[in-house]
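# Coordinates in review
The residues making up each chain are set out below.
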Amino acid sequence: MKKRIALFASGSGSNVENIIRYFMNSCELEFPVVISNRSDAPVHERAKKYNIPSYYFKKNDFENGEVLKFLQEETIDFIVLAGFLLKVPDNLLSAYPGRIINIHPALLPKFGGKGMYGSHVHEAVVASGEKESGITIHYVNENYDEGQIIFQAKCPVFPTDSPEDVARKVHALEYEHFPRVIGEVVLRT
Ligand code: GRF
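Calculation notes
- Residues numbered from 1 in each chain as written.
- Predicted model: local features only at pLDDT ≥ 70, side-chain atom pairs only at ≥ 80, totals over all residues.
- Heavy atoms only, no water.
- Near = heavy atom within 4 Å.
- Polar contact = N/O pair within 3.5 Å; in protein donor to acceptor, adjacent residues only side chain to side chain.
- Areas by Shrake-Rupley, 256 points an atom, 1.4 Å probe, with all protein chains shown as cover.
- 1 Å grid on protein atoms, 1.4 Å probe; cavity = no way out; pocket = protein on both sides within 12 Å on 5 of 7 lines; lining within 4 Å.
- Sits in = over half its atoms within 2 Å of the grid points.
- Helix = DSSP H or I, 4+ residues; strand = E, 2+ residues; numbered from the N terminus.
- Core = buried A, V, L, I, M, F, W, Y, C linked by side-chain atoms within 4.5 Å.
- Buried < 20%, exposed > 50% of the residue type's maximum accessible area, 1.4 Å probe, protein only.
- Contact = heavy atoms within 4.5 Å.
- Phe/Tyr/Trp six-rings, centres within 6.5 Å; stacked < 30°, edge-to-face > 60°.
- Lys NZ or Arg CZ within 6 Å of the ring centre and 35° of its normal.
- Arc of directions from axis to C-beta.
- Pairing = 2+ DSSP bridges.
- Axes fitted to C-alpha atoms, helices over the stretch in contact; angles between N-to-C directions.
- Salt bridge = Lys/Arg side-chain N within 4 Å of Asp/Glu carboxyl O.

## Regarding the site of the ligand
Around the ligand, the neighbouring residues are Ser12, Gly13, Ser14, Asn15, Gly83, Ile103, His104, Pro105, His171 and Glu174. Measuring from an oxygen atom of the ligand, one finds a side-chain N or O atom of His171 at 3.4 Å. Within the side chain of Glu174, one N or O atom sits 2.3 Å away from an oxygen atom of the ligand. Computed on the free molecule, the ligand has an accessible area of 370 Å², of which 87% lies beneath the protein chains in the complex. More than half of the atoms of the ligand fall within 2 Å of the grid points belonging to the largest pocket. Breaking the shell around the ligand down by element, the ones donating at least two residues are α1 (14-22), β5 (100-104) and α7 (163-188).

In structure tokens, the structure reads:
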């Protein structure tokens with residue numbers, strides 16, 4: 001039986017789209033639902049292109065168990081956060097122990113934690129004169145960006161790079177590695 005993975009996203013969803021495309025013909029993994037805490041997130045349009053239903057849930061629905069109930073009805077085995085900005089509540093962490101992973105657009109433990117998302121991360125990396133940045137794929141626990149690290153990949157940051165330049169390099173790393181790492185982690189879980 002295929003492993004059923006829910007994709008959680010709050011924004012553009014370019015990683016979601018990349019993951020969906022990568023596994024389009026997979027006999028081992030399927031991505032039957034996309035879940036967002038934003039009704040207007042572009043990720044909904046991206047999911048639609050691939051006929052994957054996407055759902056909007058309010059912040060409170062994540063916390064009061066509504067989302068968990070939905071995931072259980074959908075017999076979801078694993079959760080992947082791809083640009084999902086809400087904190088994952090305890091009810092989901094206990095129902096999916098070791099089965100929720102996230103991608104962070106920097107080399108954790110640096111540049112992580114509350115408020116460190118999207119362009120804020122790349123701005124902080126450039127402002128602090130870092131010589132490299134990259135991606136971190138990690139398990140999700142009760143603290144933002146602190147779960148066990150599964151995989152990292154690096155890119156150089158040049159003194160002339162703008163935050164947008166860094167974002168471009170980091171996105172390229174995300175597209176290159178995230179789907180493969182998801183496959184590896186899910187299949188060994
Ligand atoms: C990515 O950089 C990801 O690492 C971070 O949020 C961004 C989402 O981008 N957590 P997109 O919505 O997949 O385009």
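## Thoughts on the nonpolar core
Ranked by internal contacts, the top residues of the largest apolar core, which has 39 residues, are Val80, Ile101, Phe178 and Ile182. Broken down by element, this core gets its largest block of residues, 8 residues, from α7. The next biggest cluster of nonpolar side chains, apart from the first, holds 21 residues, and it includes Ile35, Val67, Ile76 and Leu93.

## Digging into the environment of Arg188
Examined against the element boundaries, Arg188 turns out to sit in helix α7. The contact partners of Arg188, leaving out residues within four places of it in the chain, are Tyr139 and Ile150.

## Side note on the packing of aromatic side chains
All chains considered together, the criterion is met by 8 aromatic pairs. Residues Phe57 and Phe62 carry aromatic rings whose centres are separated by 6.3 Å and whose planes lie at 75° to one another, so their mutual orientation is edge-to-face. On the accessibility criterion, Phe57 (11% relative accessible area) is buried. Through pairs of rings, three or more aromatic residues link up here, namely Phe8, Tyr55, Phe57, Phe62, Phe70 and Phe84. Directly above the ring of Phe151 sits Arg180, whose terminal nitrogen or CZ lies 5.3 Å from the centroid.

## Focus: helix α6 (residues 119-127)
Taken residue by residue, α6 has Val121, His122, Ala124 and Val125 as its buried positions. Each buried residue of α6 lies within a common arc of 160° when the element is viewed along its axis, so the set occupies one face. Where α6 is buried, its residues meet β5, β6 (132-139) and α7. Looking one or two places after α6, you find Gly129, whose phi comes out positive at around 70°.

## What to know about the sheet that holds strand β4 (residues 78-81)
A sheet is described by the order of its strands in space; here 7 strands give the open sequence β3-β2-β1-β4-β5-β6-β7, paired in mixed fashion. Looking at the sheet topology across the chains shown, the edges are occupied by β3 (54-56) and β7 (149-156). Geometrically, the sheet is characterised by an average inter-axis angle of 20° between neighbouring strands, direction not taken into account. Contacts between α1 and the sheet are confined to β1 (3-8), β2 (29-36) and β4, with β1 contributing the most and set at about 160° to the helix. Lying over the sheet, α7 contacts β1, β2, β4, β5, β6 and β7, oriented at roughly 155° with respect to β7.

## Considerations on the pattern of salt bridges
Per the counting criterion, the structure on display carries 13 salt bridges. A salt bridge links Glu66 to Lys69; the shortest N-O distance between them is 4.0 Å. Placement of the pair is Glu66 and Lys69 together in helix α4 (residues 66-73), with a separation of 3 residues, close to one helical turn. We classify Glu66 as partly exposed; its relative accessible area is 34%. Here the residues in one salt-bridge network are Arg4, Glu30 and Glu74, joined through shared partners.

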